[in-house]
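Below, each chain spelled out in residue letters.
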Amino acid sequence: MKCIVGLGNIGRKFDQTRHNIGFMVIDELCQKHGIELDKQKFNGLYTIATIKGEKVLLIEPMTYMNLSGEAVRPLMDYYKIELEDVLVLYDDLDMPPGRLRLRPKGSAGGHNGIRSLIQHLGTDEFKRIRIGIGRPTGRMKVPDFVLQRFSEDEMATMNRVIDRTIEACETFLTGERFENVMNQYNGDVN
């Protein structure tokens, strides 16, 4: 069984914010395939579904971003998910909106959700899709920026990014080598 984790913060005030792009992708993936996150265990909201012929565990941690690993690790252990079958979706300040970067491993790069995953998984060697959200302009502080909702214009771009990220997830689920998935989906979304 494979596992796709979308990172974000729980609660209505965080809905549709930049930091919640991982949740947004999982929600759209579920909607596209007529499934819902209908189970809760270990501080995670999740479901098990079959997509593209592959059984997959879809997770949204309910711990807030900085403690994501506290929900993901126990669910992986409970369902006996191997590290090579995990794909994590999250926001990236260092890339402009509309850009995806898929990687088989890497550091936290200042992202507290990824830092928590690395701490709880004991390694940085898990697949990920970084979704560009851009950086704040002017004097806006980073925490204020990432907890801000996308503008209407930005959301038009982000909807295309979400669709492209879902395509990458579906390709991952078909068993395609991750290197090929990276080559196909890395870069700017038109």
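Keep in mind that what you see is a predicted model, and the values were worked out from it rather than measured. (Residues numbered from 1 in each chain as written. Predicted model: local features only at pLDDT ≥ 70, side-chain atom pairs only at ≥ 80, totals over all residues. Heavy atoms only, no water.)

Participant: Explain helix 6 (residues 178–185) to me, please; I cannot follow it from the model alone.
Facilitator: For an α-helix the count is 3.6 residues per turn, leaving residues at separations of three or four pointing the same way. When helix 6 is considered as a whole, its buried residues turn out to be Phe178, Val181, Met182 and Tyr185. Taken down its axis, helix 6 places every buried residue within 100° of arc, on the same side. Considering only its buried residues, helix 6 is in contact with strand 5 (86–92), strand 6 (99–103), strand 7 (127–132), helix 5 (152–173) and strand 8 (187–188). Gly187 occupies a position one or two residues after helix 6 and carries a positive phi of about 120°. (Buried < 20%, exposed > 50% of the residue type's maximum accessible area, 1.4 Å probe, protein only. Helix = DSSP H or I, 4+ residues; strand = E, 2+ residues; numbered from the N terminus. Arc of directions from axis to C-beta. Contact = heavy atoms within 4.5 Å.)

Participant: I keep staring at the packing of helix 5 against helix 6 and nothing clicks. Help me out?
Facilitator: Packed helices, taken two at a time, are described by the angle between their axes plus the distance between the axes. The interhelical angle for the contact between helix 5 and helix 6, taken along N-to-C directions, is 160°, at an axis separation of 10 Å. Judged on the interaxial angle alone, helix 6 and helix 5 are roughly antiparallel. Seen from above, helix 5 lies across helix 6 with right-handed handedness. In this structure, helix 5 uses Arg164, Glu167, Ala168, Thr171 and Phe172 to contact helix 6, whose residues at the interface are Phe178, Val181, Gln184 and Tyr185. (Axes fitted to C-alpha atoms, helices over the stretch in contact; angles between N-to-C directions. Parallel < 35°, antiparallel > 145°, perpendicular 65-115°, else oblique. Left-handed = near helix turned anticlockwise from the far one by under 90°.)

Participant: Help me understand the environment of Pro97 in this model?
Facilitator: With respect to the secondary-structure elements, Pro97 resides in the loop between strand 5 and strand 6. For the pair Pro97 and Gly134, spaced 37 residues apart in the sequence, the C-alpha separation amounts to 5.3 Å. Ignoring any residue separated from it by four or fewer positions in sequence, one finds Pro97 in contact with Gly132, Ile133, Gly134, Thr157 and Met158.

Participant: How do you make sense of the UniProt feature "binding site: tRNA" (unreviewed entry) in the protein when you look at a structure like this?
Facilitator: According to UniProt, the "binding site: tRNA" (unreviewed entry) feature falls on Phe14, Tyr64, Asn66 and Asn112. With a relative accessible area of 42%, Tyr64 lands in the partly exposed category. When near neighbours in sequence (up to four residues on either side) are disregarded, Tyr64 contacts Gly8, Asn9, Ile10 and Phe14. Residue position: Asn66 is located in the loop between strand 4 (54–61) and helix 2 (68–78). Residue contacts for Asn66: discarding those within four places in its chain leaves Asn112 and Ser116. (UniProt positions renumbered as here; feature names shortened; annotations may be inferred.)

Participant: What exactly am I supposed to notice about the state of the cysteines here?
Facilitator: One covalent bond between the sulfur atoms of two cysteine residues makes up a disulfide. For the structure on display, the rule yields zero disulfides. Between Cys3, a free cysteine, and Cys169, which holds the nearest cysteine sulfur, the sulfur-to-sulfur gap is 11 Å. Cys169 forms no disulfide, and the closest cysteine sulfur to it belongs to Cys30, at a distance of 11 Å. Take Cys169: its relative accessible area is 0%, and that puts it in the buried class. (Disulfide = S-S within 2.5 Å.)

Participant: What am I meant to see in the pattern of salt bridges here?
Facilitator: Once their charged atoms are close, side chains differing in charge can pair, the charge on each being opposite to the other. Taken as a whole, this structure holds ten salt bridges when the rule is applied. In this structure, the salt-bridge partner of Arg18 is Glu154, at a minimum N-O distance of 3.0 Å. A residue pair is termed long-range when its members are at least 10 positions apart, and Arg18 in the loop between strand 1 (2–6) and helix 1 (21–32) and Glu154 in helix 5 qualify at 136 residues. Since its relative accessible area comes to 2%, Arg18 is described here as buried. The salt bridge partner of Lys32 is Glu170, with a shortest N-O separation of 2.9 Å. (Salt bridge = Lys/Arg side-chain N within 4 Å of Asp/Glu carboxyl O.)

Participant: For this particular structure, what's the right way to read a negative patch on the surface?
Facilitator: The grouping of Asp15, Asp27, Glu28 and Asp163 at the surface amounts to a negative patch. Since its relative accessible area comes to 35%, Glu28 is described here as partly exposed. (Patch = residues over 30% accessible without salt bridge, like charges linked within 9 Å, V, L, I, M, F, W, Y side chains within 5 Å. Areas by Shrake-Rupley, 256 points an atom, 1.4 Å probe, with all protein chains shown as cover. Lys, Arg positive; Asp, Glu negative; His and termini not counted. Charge placed at Lys NZ, Arg CZ, Asp CG, Glu CD.)

Participant: Looking at this structure, how should I read the pairing of strand 6?
Facilitator: Where a strand is regular, its side chains alternate between the two sheet faces. Burial of the side chains of strand 6 is restricted to one face: Leu100 and Leu102 are buried, whereas none of Arg99, Arg101 and Arg103 on the reverse face is. Alignment of strand 6 against strand 8, held across two bridges, turns out to be antiparallel. Along strand 8, the bridge assignment pairs Leu100 with Gly187. Pairing between strand 6 and strand 7: four bridges, direction antiparallel. Paired with Arg103 across the strands is Arg128, a residue of strand 7. (Pairing = 2+ DSSP bridges.)

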